[in-house]
Amino acid sequence: GTAAVYYSAGVFRTEKTKNFAHRYYKKRKKASLISIVLSPIYKFLRMYIVRLGFLDGLEGFLLATTSSLYTMVKYYKLREIYKNNSYIEKEGNDGN
């Protein structure tokens, strides 16, 4: 019970999604509108159906839902970096 609640509370942590976006930006990966829409759907189906999250009832549903939303936010932030040209390289930061 508490694992799903704990996970969902930390899903949209700004630093974590920003770090993902910066790593992918450095690798010159892009996020299209299609990937922003389809990646979360794929993530949900993979967690809820393929990994049998439905057997966990509401907790499985919440975990799959929050994971898919987190995936959407990561790719949206990557798209924002390209759109706003907002990537800032920090001195002494090796990207880890």
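Looking at the nonpolar core
Phe20, Ala21, Ala31, Ile36, Tyr75, Leu78 and Ile81 form the largest nonpolar core, which has 7 residues in total. Within the residue set of this core, elements represented by two or more residues are α2 (14–26) and α4 (58–84). Sort the elements by how many residues they give to this core and α4 lands first, with 3 residues. The residues touching Ala31, leaving out its near neighbours within four places in the chain, are Tyr75, Leu78 and Arg79.

Notes on the side chain of Lys74
Take Lys74: it is sitting in helix α4. It is Glu80 that comes nearest to the buried, bridge-free Lys74 among opposite-charge side chains, at 15 Å. For Lys74, the residues in contact, after removing those within four places along its chain, are Thr17, Phe20 and Ala21.

Calculation notes
Residues numbered from 1 in each chain as written. Predicted model: local features only at pLDDT ≥ 70, side-chain atom pairs only at ≥ 80, totals over all residues. Heavy atoms only, no water. Core = buried A, V, L, I, M, F, W, Y, C linked by side-chain atoms within 4.5 Å. Buried < 20%, exposed > 50% of the residue type's maximum accessible area, 1.4 Å probe, protein only. Helix = DSSP H or I, 4+ residues; strand = E, 2+ residues; numbered from the N terminus. Contact = heavy atoms within 4.5 Å. Lys, Arg positive; Asp, Glu negative; His and termini not counted. Salt bridge = Lys/Arg side-chain N within 4 Å of Asp/Glu carboxyl O.

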